[in-house]
Amino acid sequence: AHAPSQEWDFRSAWEVLAAVAKVDPVRPRARHPQVPDELEAVCLKALEIADPETPPFTISGDGKQVRDALHADDLVAVYLRALEAIDKTAGQVYNIGGGVDKTLSLLELLDYLEKYFGKKIERKFTDWRPGDQQVYISDIRKAKAEFGWEPQFGPAEGLEKLISWISTNESL
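Residues numbered from 1 in each chain as written. Predicted model: local features only at pLDDT ≥ 70, side-chain atom pairs only at ≥ 80, totals over all residues. Heavy atoms only, no water.

**Things to note about the packing of helix H5 (residues 106–117) against helix H7 (residues 155–168)**
Right, so step 1: With their axes 12 Å apart at the nearest point, H5 and H7 run at an angle of 55° to one another. If you check the angle between H5 and H7, you find them oblique. The element H5 and its partner H7 pack so that their crossing is right-handed. Between H5, through Leu109, Tyr112, Leu113, Tyr116 and Phe117, and H7, the contact on the second element is made entirely by Ala156, Leu159, Glu160 and Ile163.
Right, so step 2: Taken together, the residues of the contact of H5 with H7 break down into eight nonpolar, no polar and one charged. (Axes fitted to C-alpha atoms, helices over the stretch in contact; angles between N-to-C directions. Helix = DSSP H or I, 4+ residues; strand = E, 2+ residues; numbered from the N terminus. Parallel < 35°, antiparallel > 145°, perpendicular 65-115°, else oblique. Left-handed = near helix turned anticlockwise from the far one by under 90°. Contact = heavy atoms within 4.5 Å. Nonpolar A, V, L, I, M, F, W, Y, C, P; charged D, E, K, R; others polar.)

In C-alpha cells:
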C-alpha cells in the first residue's frame, strides 16, 4: 500500500519519520454520539434487556457479518511498537485491526451478551443495509512481519472491559 498523500507530503517536506496506520479499534466511546461504534451500540442495547418494554434488537441481513475487533490496549501497543521501529516503519502504511484470529459475527456477539447477562436478547431481522460488508478483517501480516506486532486481546476480553466501562459511565 502507498502512504496517504498528506503524510507523504509532510514527510517529504519536513524530513519527518512517520508511519500511517489504518485502524478500526474497539473503544470505550463512539467518535460521535449520533454514530455509535457497532460494538458499543450492541452492548448498550444489551444493557437495556432487563426492561420488558425494550424492542427487539434489529439485525440487518442474516447477522453472520464478521468483523475483526481491536482492543484499545492493542492499539496503544501497535503505536509504541511502530515508534520503536521508526527507522523501518517510516513512510509505510499498515492495516491495523484484530486480524483473522480476533473476529466475531453479530450473532456471536449477541450470543456472548446473552450468556454474559443471563438473559435472552430478542432479535428482529431486516433487509441488508446497502453496501454492508459481509466480512471485514484487517490484514495485519505486514505489521507482524516488519515490526513484530500482533493483537493480544480477544473479543471476549475487550467486550468485558467495554461492558464494564459502559455500566460505570452511563451518564456520559
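**Considerations on H7**
Right, so step 1: Taking 1.5 Å per residue as the helical rise, H7 with its 14 residues ought to reach 20 Å, and the 20 Å between its terminal C-alpha atoms agrees with that figure.
Right, so step 2: Burial in H7 covers these residues: Pro155, Gly158, Leu159, Leu162, Ile163 and Ile166. Each buried residue of H7 sits inside an arc of 130° when the element is viewed along its axis, so together they form one side. (Expected span 1.5 Å × (residues − 1). Buried < 20%, exposed > 50% of the residue type's maximum accessible area, 1.4 Å probe, protein only. Arc of directions from axis to C-beta.)

**Considerations on the nonpolar core**
Right, so step 1: By size, the foremost hydrophobic cluster in this structure holds 16 residues, and its most contacted members are Cys43, Phe57, Ile59, Leu109, Leu113 and Leu159.
Right, so step 2: Elements with a contribution of two residues or more to this core: strand S2 (57–60), H5 and H7.
Right, so step 3: With six residues, the top contributor of residues to this core is H5.
Right, so step 4: Membership of the second largest hydrophobic core comes to 10 residues, among which are Leu70, Leu75, Ala143 and Phe147. (Core = buried A, V, L, I, M, F, W, Y, C linked by side-chain atoms within 4.5 Å.)

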